Amino acid sequence: MSFLGYYVSSGSPVHGLDPRVKLIVAISLCMIVLQATPIFLSAIGIFLIIMMLISRLSLKSVLLALKPALPLPILILLLHLLFTAGTPIPPFPLLHISITDQGLATGALLAERFMLLYLSAILLTMVTLPSEIIRGIEKLLKPLELLRIPTSDLALMLSLALRFIPLIDEEVVKIREAQSARGADYHAGNLMKRMRTATALVIPLTFNTCSRAEELTTAMEARGYRGGPRSYISELTMKPFEYLIIALAVVAVGYILLS
């Protein structure tokens with residue numbers, strides 16, 4: 001099961017931060033990862049590991065969350081190994097296959113960037129309740145109301161999309177188990193045959209996802225939901241040290257972009 005989208009409560013100091021702070025830090029990390037050099041990427045990786053320890057997240061839960069994303073960085077690395085021109089690495093070329101040092105360096109760098117981006121998203125969802133993420137996004141988008149953009153409705157849409165991530169994951173598991181019980185084998189045959197078998201998940205997954213979306217719409221209308229701004233029992237307030245964290249994040253992004 002993927003833990004992306006699942007909140008893990010541990011009562012850590014990171015959990016208690018204002019959601020706006022965590023959102024800004026996560027966005028800043030993503031911007032830095034896309035521009036940083038390999039040395040800075042290693043520093044970001046160490047920073048994320050430290051945040052994981054401070055947040056009291058178990059290594060098992062983080063690894064389970066990373067597991068679904070592993071095929072993509074591996075694919076990125078393989079594509080660059082096989083198709084990037086450069087100086088072949090001994091003993092290549094071998095059997096008409098050439099692996100170059102440039103391909104290895106570029107593929108490894110892009111794979112590392114992807115995994116750091118994914119890990120940042122995982123940590124954000126694990127230490128922040130979905131409802132807090134909504135409120136944080138809504139507050140950060142508040143200035144857009146001057147342009148007549150319905151920030152409350154936009155925040156709700158983003159929240160629903162976030163909540164559907166674990167639901168879709170659950171649907172995939174249920175459909176795969178049901179089809180396996182009827183004789184489907186996702187591990188038999190060559191790669192093309194397994195891909196054709198996997199495509200059988202698409203139609204029932206799309207149908208079930210649309211059904212859940214329709215049920216959600218009906219439930220919201222039955223409870224009298226109407227678009228527009230909403231009030232909350234408690235308002236978000238940031239402490240002085242949280243402003244300092246935001247300032248440090250902005251400075252770090254500025255340094256990376258301008259250096």
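Just so it is clear, the structure is predicted and the values come from calculations on it, not from any experiment.

Now for the overall build of the protein chain. When you go through the protein chain residue by residue, the secondary structure sums to 10 helices and zero strands. Listing the helices and strands of the protein chain from first to last along the sequence gives α-α-α-α-α-α-α-α-α-α. Counting only residues that meet the buried cut, the protein chain has 34% of its 259 residues in that class. As displayed, the protein chain offers around 16,100 Å² of accessible surface, 72% of which is attributable to carbon and sulfur atoms.

Membership of the largest hydrophobic core comes to 30 residues, with the highest contact counts inside it found for Ile44, Leu48, Leu57, Val62 and Leu66. Every element with two or more residues in this core is listed here: α1 (19-35), α2 (38-54), α3 (59-66), α5 (101-127) and α10 (240-258). A total of eight residues in this core trace back to one element, the largest contributor, which is α5. Apart from residues lying up to four places away in sequence, Leu48 is in contact with Leu29, Leu116, Leu119, Ser120 and Leu123. In terms of nonpolar packing, the next biggest core, distinct from the first, is built from nine residues, Leu124, Ile137, Leu141 and Ala155 among them.

For Thr151, the location among the structural elements is in helix α7 (residues 151-181). By relative accessible area, Thr151 is classed as buried at 0%. Here the side chain of Thr151 touches Glu145 through a polar contact of 3.0 Å, side chain to side chain. In contact with Thr151, not counting residues within four places along its chain, are Glu138, Leu141, Lys142, Leu144 and Glu145.

Per the stated rule, a full pass over the model turns up three salt bridges. Notably, a salt bridge pairs Glu145 with Lys142, separated by 3.4 Å at the nearest N-O pair. Lys142 gets classed as partly exposed once you look at its relative accessible area, which sits at 36%.

Applying the stated rule across the entire model yields two aromatic pairs. With 6.2 Å between their ring centres and 15 degrees between their planes, Phe114 and Tyr118 make a pair best called stacked. Separated by four residues within a single helix, Phe114 and Tyr118 lie in helix α5, roughly one turn from each other. Among the residues examined, Phe114 registers a relative accessible area of 21% and is labelled partly exposed. The exposure class assigned to Tyr118 is buried, which follows from its relative accessible area of 15%.

A few words now on helix α9 (residues 202-222). With 21 residues, α9 extends 30 Å between its outermost C-alpha atoms, agreeing within 8% with the 30 Å of an ideal straight helix rising 1.5 Å per residue. Directly after α9, the chain includes Gly224, whose backbone phi takes a positive value near 80 degrees.

Another aspect to go through is unusual backbone geometry. A positive phi angle, near 60 degrees, is found at Arg56, a position not held by glycine. Among the structural elements, Arg56 can be located in the loop between α2 and α3. With a phi angle near 65 degrees, Arg148 is a residue other than glycine that sits in the positive phi range. Inspection of the secondary structure puts Arg148 in the loop between α6 (130-140) and α7. Among the residues examined, Arg148 registers a relative accessible area of 79% and is labelled exposed.

Turning our eyes to something else, we now look at the domain arrangement of the protein chain. By domain assignment, the protein chain separates into domain 1 (19-129 + 235-258) and domain 2 (151-222). A C-alpha centroid distance of 27 Å is found between domain 1 and domain 2.

It is worth spelling out the side chain of Ser12 at this point. Within the element layout of this structure, Ser12 appears in the segment before α1. At 2.5 Å, the side chain of Ser12 forms a polar contact with the side chain of His15. Sequence-distant contacts of Ser12, that is, excluding residues within four places in its chain, are made with Ile54, Ser55 and Arg56.

The next subject is the environment of Ala155. Topologically, Ala155 is positioned in helix α7. A relative accessible area of 0% means that Ala155 is categorised as buried. Not counting chain neighbours up to four residues away, the residues in contact with Ala155 comprise Ile134, Ile137 and Glu138.

Looking at the secondary structure, you find Ile49 in helix α2. A relative accessible area of 46% means that Ile49 is categorised as partly exposed. Sequence spacing of Ile49 and Leu59 is 10 residues, and the spatial spacing of their C-alpha atoms is 9.7 Å.

Scoring rules and cut-offs
Residues numbered from 1 in each chain as written. Predicted model: local features only at pLDDT ≥ 70, side-chain atom pairs only at ≥ 80, totals over all residues. Heavy atoms only, no water. Helix = DSSP H or I, 4+ residues; strand = E, 2+ residues; numbered from the N terminus. Buried < 20%, exposed > 50% of the residue type's maximum accessible area, 1.4 Å probe, protein only. Areas by Shrake-Rupley, 256 points an atom, 1.4 Å probe, with all protein chains shown as cover. Core = buried A, V, L, I, M, F, W, Y, C linked by side-chain atoms within 4.5 Å. Contact = heavy atoms within 4.5 Å. Polar contact = N/O pair within 3.5 Å; in protein donor to acceptor, adjacent residues only side chain to side chain. Salt bridge = Lys/Arg side-chain N within 4 Å of Asp/Glu carboxyl O. Phe/Tyr/Trp six-rings, centres within 6.5 Å; stacked < 30°, edge-to-face > 60°. Expected span 1.5 Å × (residues − 1). Domains from an automatic or database assignment.

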